[in-house]
Structures are given as structure tokens and as C-alpha cells.
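Single-letter residue listing:
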Amino acid sequence: MPREYLVATFVEPDALVNAVTMIRAHGFKIYDVYAPCPVHGLDEAMGLRRSRLPYVTLCAAAVGLVAAMSFQFYAAVFDWSLNVGGKPDNSTLAFVPITFEIAVLAGGLATAAAFLLRSGLCPGVTATLAAPRVTDDRFAIALRWRTNVFDTGEARRLLHDSGASEVRQIVCDL
Amino acid sequence: MRVYEPLTLADPARRFQLRRWIEGDPPLSQITDDVARPLNASPGKGWCACFAAALTALAVGIGCVWYQIATGIGVWGLNKTVGWGFDITNFVFWVGIGHAGTLISAILLLLRQQWRTSINRSAEAMTIFAVMCAGMFPLIHMGRPWLAFYVLPYPNSRGPLWVNFRSPLLWDVFALNTYLTISLVFWYVGMIPDFATLRDRASAGVKKSIYGILSLGWNGSHRTWSRYETLSMILAGLATPLVISVHSIVSMDFATSILPGWHTTLFPPYFVAGAVYSGFGMVMTLLILTRTLMHLERYITHRHLDAMAKVMLLTGSIVGLSYGTELYVAWLSGNPYEQAVFYGRATGPYAWCFWTMVACNALAPQVLWSRRVRSHISALFVLSILVNVGMWLERFVIIVTSLHRSYLPSSWVMYRPTMIEVGTLIGSFGLFFTCFLLFIRLLPMIAIWEVKTGASAEPHEVVRHA
């Protein structure tokens, strides 16, 4: 659903980080920041929480691990045991390499999938850019426009003061 | 009192840290232009000549593979004593090549080595193409590759008769497939932001639509970037033990057998070091070629080549140490069969392979102690070729010299590859280089966003006296 945003464009990442800090200090909420590359220090400036992706990895890898080990045990011990060189049916140690591989595979694929889902990235999604060239050499801050709690004048002034090269009001679906 | 505080991009000192790996201090848009230029320009004569050569080699390979599948693998030089020859040598060689790509993309990311940023994309591509080439050999070795799905544990009408989970050959199936899949995911995820950059600079048309689909709607949101960095670290953390497991498992194809020359606990670390070594040799060959072909000297600098040369020196020395350890342990063990194999390697009919291997792998890299050699591009190129030759011979020596004279003297035979086997090896190089040359023409071969930030870099600490 299209909404109104106030978008400030920056040329330098350092000005961007300072602007984010200042805007938040004045009680404005940052909708998002757009950049052609990750800008370090911005996570703290925006107050972003640590990503929970590692939990997805842990759970998926644990499921992969248990599934692979139990399946090998089931197939080699219960379902059809093969006598190969007189080795015991339950050669648990020999099941470790495949268990490890499946755990890594499950962990990796699940994390990548969770990332794409959470970030709304999918083939066919059309990207809406907050400002031109934010995937090339420009940085942008977007503030959600809310009539009741938003003093546009002050926000504009703060953004200009912190070095924004351009401040625009746009209506789109970011 | 000393106060440590993280530097942000705002700090000029940090900028210097990030940029010193590329020449000059190009503005961000210049970096995009430089990397995207080869994707839009028409290919140069050098690229066309290389591509024609690669396609020819690939055609030779396709012809040979077709012939051997149609006729049966009796057309190879294998016999009942030497059951593994060129096929498995090539398999181990190509898997090993892939390892440098993962080392550069994953392990150096975890170690926060900034010099990887210009070269990681092409090294990852190399990993994928090398693993594809490697996978081809066990497939054609099966003789009836259309039955390759038998190696998967699927419910079948024969019992179900499951695969033998205790066999290292089956571990290989899982290790290779996992490795290929995770490498592909890592590679593709790494390219999403670059596809978005290319999408937004392309004028409307087919290219823009393709980049649009590939970029999955990426719009540069920092919330996504933040998650993206976590994802990169997780994938790197997974790929690191994975890559070590892959060549360890490959080495167990040999080490778990009781054949003298194979049955040794040294194999896993020895194989992993050798893999990284050969992989760096190949990365060096490819990057020296591509920086010239694609005019990317500014991004793939002498300093990158110097850093890679140092890794080659380290891993080459580990490989040399392993050769010495193997010989010493054979002597120390007092096992006459073990001793005979190692003595036979150095003095037997395949001694020329052994000594060429020692010269290429253990002795040649020692010249890299010299800074002059490390800064001499032609010398590095020649050395990288020697490393490739030496590491291929290493696998040949391990496989063939151990098999051709084992316990039973009445079974002792020689193995000579046929033209079909040689043609298949040439074909695998053709496949590899065809894929790689297409890659540098069609995809951003330098990670644009990583070069822009040195994103992998830890915020450096400065000491401020308060």
C-alpha cells in the first residue's frame, strides 16, 4: 500500500550515520536507511536488534542431524542390515560424516530461505527505490510521514543540517 | 587511560584501511562502472581466443565421454590391478581446486581479511565449476551414468536395499553434493546486491529484466543489509568445517582401505592442505589471466597476488612437510610393505612422476620467500602452472603407485592412460574454462558492494588517549 515518506539523500556515509543518530535523538523514528553497501556503525545508530537468523540455523541443523542419524540407523540396523566386511550393523561412528553433511546442508538452506522470506526477497518482486542511485553511490534515510506526530519542518531542517544533499517527500510502497 | 572506540566509515583512517587494497581512491560510482564495463563491452580478442580454445577442449572431452559411454569403460587403460587411474586422479584434483574458493570466500571472511574482497567472487565461481568437473568423473566411472541415482538412498523395489552408509564412497556423494549446494547458495546470495546495482544502471530491455529477476527485488534497505551480513557470516561459518570435511572424506576413500601407501592417518590434513595449495595455484592462474583480459588491474593488484603467493608458500610447505612425514613414518613403522611402496615411488617406474611432483610442489614454491618473485607477475604465472601440474601428479602418484605394486607380486602391472582418458582430462579443463570465461562476461566478477565498503572488515580500533 503506497504511503508517504520523507526521504533525505546523502553522498557520504559518515554524514548519513550522523544524521541517523541526530534524527533519532530528536525523537523521530527511522523507517529505513538505503545504501549501496552495508555501512558499519549504522546498526547501532538505528538501534537495530541482532538478527535471529542464527536460531534458524541452529534449529534446522539440529533437525538435519537427528534426521540423518536416525535414518541411517533405521536403514542399516532395522530395515535391511548389510554385512559388509563383518562390520557391525550399528556402526555409529561411520554414520557421522553423512550426519554432519546433512546438518550443514539443512542449516545453510534453511538460513538462506529464512533470510529471503524475512526480507521479502523473491523472484518477481519489483524493487522500489527510495531515491535514485541508492544501489550505486547514494545513501538515503526514509521517515514514515505521520500527520499527527510528525513535524515536517523540523525533520527537514535536521536532515538538511546534517548534510543531506536533497530532502523530498514521496508517495510509494517501500 | 586508553579508550577503544570503533571507527565508522566516517573516519579517514578506516577509509584508508578499506581502500588500500585497490589502486587509487575511486568514487563509488566508478567502482560500479569499472566492474560493469566488461559485461556491456564486446569481448576482446584475448577473450575470444581463450574461449575458442576452451570450447575446442570441451568438444574433445564430449567426444571422448560419448565414446566411452557408448563403448564401455574398457576403453580406459585400467586393469584388474589398477582399478583407479586418470578418473579418480582427476576427481581428486578438481575437488581440491575448489577448496581455495571456499577458503577465500568463507575462511578469510571469518578471519576478516580484507584482501579477499576483489577476488572472492571469481574464486567462488571457480569452486563451483571445479566441483562440477570433479562430479563428472565418478559419474562416467560408473559406466552406466544413467543409473547414477542408485547412489541415493531412495525407497526402491529391491527391498528396499539401502546404500552402504559405512562406505567413504557414499560419504563422498553427500559431501560433494552438500558442498556444491552450499557453495552455490553462498555465491548467489553474494551476488544479489550486485544484480540490483546492475539492474538499476541498465536501460530497459532484456538485461534489465534478467537482472531484475535475479536481484529478487533488492532495494538496498539497511535492515536487509544487516540481516544479510549475519547470513554471510553463518554461511561462512558452515562452509568452513564443510570444506575441511569434504577433502577429509575424499582422503578417506584411500585412508580407510588397507593398501600400503593409502592406509595412513596423515591423509585428511595432508589432503586438505594440498587442496588449498592446488586451489590457490588455480586462482592465481585465473586471476592473472582475467585481470589482463578484463583490464581490472586496479582491483586485482600486485598486493592481492602477493597475499595469495604467501598462502601458496605456507600450504606448499605443509605439503612438502607431509611428503617428508609420510616417508619418515613408512621408515619408522618397520612395515616392509609400507616401506616398499614409498621406496618404489622414488625409484620405481613412476619415479619421474614422483620427482616432478616433489620439484613442483615442495621445492618450487620456496622461491616465494623472495619478495621480488612475489611481485613478478610472469614468475607467479609460471609458478601457478607448476603447482597445478605438481598437484595433479601428486594424486596420480598416490593412486597409481600404491595400486600397481601392492601385496601380491604376481599382480604387479603398469598402468598407462589411453587417448580417451587424456581426452577426457582435456575435456574437463575445457568445461572449466568455458564456464569461467562465460562467467567473467556475464556476471559481475568482482563483488561490487564488498569492494565499496570492505564490508567484511571489522570496525578497526583506534587508541585514543583520554
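Residues numbered from 1 in each chain as written. Chains lettered and ligands numbered in written order. Predicted model: local features only at pLDDT ≥ 70, side-chain atom pairs only at ≥ 80, totals over all residues.

Enquirer: Before we go on, may I ask you to explain the overall build of chain A in this structure?
Expert: Each helix and strand counted, chain A has five helices and four strands in total. Each helix (α) and strand (β) of chain A, taken in turn from the N terminus, gives the series β-α-β-α-α-α-β-α-β. Judged by the C-alpha coordinates and their principal axes, chain A covers about 80 × 30 × 30 Å. Within chain A, contacts between residues separated by at least 24 positions form 80% of all contacts whose residues are at least 6 apart in sequence. (Helix = DSSP H or I, 4+ residues; strand = E, 2+ residues; numbered from the N terminus. Contact = placed C-beta atoms within 7 Å.)

Enquirer: Mind showing me how you'd approach the overall build of chain B here?
Expert: Assigned secondary structure in chain B consists of 16 helices and two strands. Taken against the 2.2 N^0.38 rule, which gives 23 Å for 466 residues, the C-alpha radius of gyration of chain B at 24 Å falls within 12% of a compact globule. Overall, the C-alpha framework of chain B stretches about 75 × 55 × 50 Å when taken along its three principal axes. Counting all 466 residues of chain B, 49% fall into the buried class. (Rg over C-alpha atoms; globule rule 2.2 N^0.38 Å. Buried ≥ 20, exposed ≤ 12 C-beta atoms within 10 Å, placed from the backbone.)

Enquirer: Help me understand the interface of chain A and chain B in this model?
Expert: Note on interface size: it is often stated as the accessible area lost on association of the parts. Contacts between the two partners involve 62 residues from chain A and, on the opposite side, 56 residues from chain B. When contributions to the side of chain A that touches chain B are tallied by element, the ones reaching two or more residues are helix H1 (13-25), strand S2 (32-34), helix H2 (42-46), helix H3 (53-79) and helix H4 (92-119) of chain A. Among the elements that line the side of chain A that touches chain B, the one with the most residues is H4(A), at 18 residues. The residue inventory of the side of chain A that touches chain B, partitioned by class, reads 38 nonpolar, 15 polar and nine charged. (Nonpolar A, V, L, I, M, F, W, Y, C, P; charged D, E, K, R; others polar.)

Enquirer: Which parts of the structure should I look at to understand the sheet that holds strand S4 (residues 166-172) of chain A?
Expert: For sheets, the rule is that strands pair by backbone hydrogen bonds, running either parallel or antiparallel. Residue and element names in this part refer to chain A. With respect to topology, four strands assemble into an open sheet ordered S2-S3-S1-S4, the strand pairing being antiparallel. Sheet topology places S2 and S4 at the edges, where each strand pairs with a single neighbour. In this sheet, neighbouring strand axes are inclined to one another by 25 degrees on average, regardless of whether the strands run parallel or antiparallel. Bridge analysis of strand S1 (residues 3-10) against S4 gives seven bridges, and the strand direction is antiparallel. Each residue of the ladder has a partner; that of Val7, found in S4, is Arg168. (Pairing = 2+ DSSP bridges. Axes fitted to C-alpha atoms, helices over the stretch in contact; angles between N-to-C directions.)

Enquirer: Whenever I open this one, the domain arrangement of chain A confuses me. Can you help?
Expert: Along its sequence, chain A is carved into domain 1 (3-49 + 125-172) and domain 2 (53-119). Centre-to-centre, using C-alpha coordinates, domain 1 of chain A lies 45 Å away from domain 2 of chain A. (Domains from an automatic or database assignment.)

Enquirer: What am I meant to see in the environment of B:Thr181 here?
Expert: Note on placement: B:Thr181 falls in helix H6 (residues 168-201). Residues B:Thr181 and B:His247 lie 66 residues apart in sequence; the distance between their C-alpha atoms is 16 Å.

Enquirer: Could you clarify how one ought to interpret helix H4 (residues 86-110) of chain B in this entry?
Expert: Since the α-helix packs 3.6 residues into each turn, any two residues three or four apart lie on the same face. All names here are of chain B. With 25 residues, H4 extends 36 Å between its outermost C-alpha atoms, agreeing within 8% with the 36 Å of an ideal straight helix rising 1.5 Å per residue. The sharpest bend along H4 measures roughly 40 degrees and falls at Leu103. For H4, the tally of buried residues reaches 23 of 25 residues, placing the bulk of the element in the interior. Following H4 by one or two positions, Arg112 has its phi on the positive side, about 55 degrees. (Expected span 1.5 Å × (residues − 1). Bend = angle between axes of the 7 residues up to and from the residue.)

Enquirer: Help me out: how do you make sense of the packing of helix H12 (residues 351-363) of chain B against helix H14 (residues 377-404) of chain B in this one?
Expert: Pairs of packed helices are described in terms of their axes, by the angle between the two and the distance that separates them. Residue and element names in this part refer to chain B. Where H12 contacts H14, the axes come no closer than 8 Å and their chain directions differ by 140 degrees. Considering the angle they form, H12 stands oblique to H14. Between H12 and H14 the crossing geometry is left-handed. Listed contacts from H14 to Cys353, Phe354, Thr356, Met357, Cys360 and Asn361 of H12 are Leu386, Val387, Val389, Gly390, Met391, Leu393, Glu394, Phe396 and Val397. Per-class residue counts for the contact of H12 with H14 are eleven nonpolar, three polar and one charged. (Parallel < 35°, antiparallel > 145°, perpendicular 65-115°, else oblique. Left-handed = near helix turned anticlockwise from the far one by under 90°.)

Enquirer: Hey, could you run me through unusual backbone geometry in this one?
Expert: Backbone geometry follows two general trends: most residues other than glycine have a negative phi, and most peptide bonds adopt the trans configuration. In this model, B:Gly159 is joined to B:Pro160 through a cis peptide bond whose omega is 0 degrees. Here B:Pro160 lies in the loop between helix H5 (120-141) and H6. Although it is not a glycine, A:Arg133 sits at a positive phi angle of roughly 65 degrees. Looking at the secondary structure, you find A:Arg133 in the loop between H4 and strand S3 (139-144). The phi angle at B:Leu216 is positive, at roughly 55 degrees, despite the residue not being glycine.

Enquirer: Help me understand the pairing of S3(A), please; the structure alone is not making it clear to me.
Expert: Each regular strand shows side chains that alternate between the opposite faces of the sheet. All names here are of chain A. Among the six residues in S3, five count as buried, and that is most of the element. Bridge count for S1 against S3 is six bridges, and the pairing is antiparallel. Bridge pairing in S3 links Thr9 to Ala140. The sheet contact formed by S2 and S3 spans three bridges and is antiparallel. In the sheet register, Tyr34 faces S3, and the bridge partner there is Ala140.

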